[in-house]
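So you can see what is in the structure, the chains are spelled out below.
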Amino acid sequence: MSNNFDEWKGELMPALESKAEEWQFLGYEKVTVEDVWQCVTVKWQKDIKRGDLEEPFRVHRLIGDVFSLKSSEYMNFLTIEAYKAPNYFEKEAEGAFSLDDFNVEDFSKK
């Protein structure tokens, strides 16, 4: 299986835009079409691993998945992605820094 959903993005764009607008209307003002796309493709990857989604993909199934996404699924997706992000306070991380790197006196000067 190729699991390359990018070829479907253009066809699904109206559904993605609609879902982003829905979530913006519900108060998630910063949601973008790309956010919705990332969230749904992660869901599809999980569905493939479970055997719930197989090729050839059916466009009606993909559109249905986009329209049925819940804002709570999006928030869970954001939380998991935040945990995957680099920890900038670990010395091993590239470009890591700590509070010791800052000169507190610079912040107190007016």
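All of the points below concern the structure found in this document. (Residues numbered from 1 in each chain as written. Predicted model: local features only at pLDDT ≥ 70, side-chain atom pairs only at ≥ 80, totals over all residues. Heavy atoms only, no water.)

Overview of helix α3 (residues 59–68)
Inference 1: Those residues of α3 that sit buried are L62, D65 and V66. Looking down the long axis of α3, one finds its buried residues gathered within 100 degrees of arc, a one-sided arrangement. (Buried < 20%, exposed > 50% of the residue type's maximum accessible area, 1.4 Å probe, protein only. Helix = DSSP H or I, 4+ residues; strand = E, 2+ residues; numbered from the N terminus. Arc of directions from axis to C-beta.)

A look at the packing of helix α1 (residues 9–25) against helix α2 (residues 33–50)
Inference 1: Running from N to C, α1 and α2 cross one another at 110 degrees; their axes reach a closest spacing of 8 Å. In terms of orientation, α1 lies roughly perpendicular with respect to α2. As for how α1 packs across α2, the hand of that crossing is right-handed. Contact residues: K9, L12, M13, L16, E17, K19, A20 and W23 in α1; V33, E34, V36, W37, V40 and W44 in α2.
Inference 2: When its residues are assigned to classes, the contact of α1 with α2 shows 10 nonpolar, no polar and four charged. (Axes fitted to C-alpha atoms, helices over the stretch in contact; angles between N-to-C directions. Parallel < 35°, antiparallel > 145°, perpendicular 65-115°, else oblique. Left-handed = near helix turned anticlockwise from the far one by under 90°. Contact = heavy atoms within 4.5 Å. Nonpolar A, V, L, I, M, F, W, Y, C, P; charged D, E, K, R; others polar.)

A short note on the layout of surface pockets
Summary: where empty space remains is shown by rolling a probe the size of a single water molecule over the atoms.
Inference 1: Approximately 220 Å³ is the volume attributed to the largest pocket.
Inference 2: Along the walls of the largest pocket sit 13 residues, with V42, K43, K46, E73 and F77 positioned nearest its centre.
Inference 3: Looking at the lining of the largest pocket, the elements with two or more residues in it are α2 and α4 (71–84).
Inference 4: Looking at the lining of the largest pocket residue by residue, the class counts come to five nonpolar, one polar and seven charged. (1 Å grid on protein atoms, 1.4 Å probe; cavity = no way out; pocket = protein on both sides within 12 Å on 5 of 7 lines; lining within 4 Å. Points joined across faces, edges and corners; volume = space filled by probe spheres on them.)

A closer look at the side chain of K19
Inference 1: Turning to its location among the elements, K19 is positioned in helix α1.
Inference 2: Accessibility expressed as a relative area gives 1% for K19, which makes it buried.
Inference 3: A distance of 3.0 Å separates polar atoms of two side chains, one belonging to K19 and the other to E22.
Inference 4: Engagement of the side chain of K19 in a polar contact is seen with the backbone oxygen of F67, the distance being 2.9 Å. (Polar contact = N/O pair within 3.5 Å; in protein donor to acceptor, adjacent residues only side chain to side chain.)

Focus on the pattern of salt bridges
Inference 1: This structure, assessed with the given rule, holds eight salt bridges.
Inference 2: A salt bridge links E34 to K9, with the nearest nitrogen and oxygen atoms 2.5 Å apart. One end of the pair, E34, is in helix α2; the other, K9, is in helix α1, and 25 residues separate them in sequence.
Inference 3: R61 serves as the salt-bridge partner of D65, at 2.9 Å between the closest nitrogen and oxygen. A residue pair is termed a helical-turn pair when its members lie 3 or 4 positions apart in one helix, as D65 and R61 do in helix α3 at four residues.
Inference 4: Classification of D65 by relative accessible area gives buried; the value is 8%. (Salt bridge = Lys/Arg side-chain N within 4 Å of Asp/Glu carboxyl O.)

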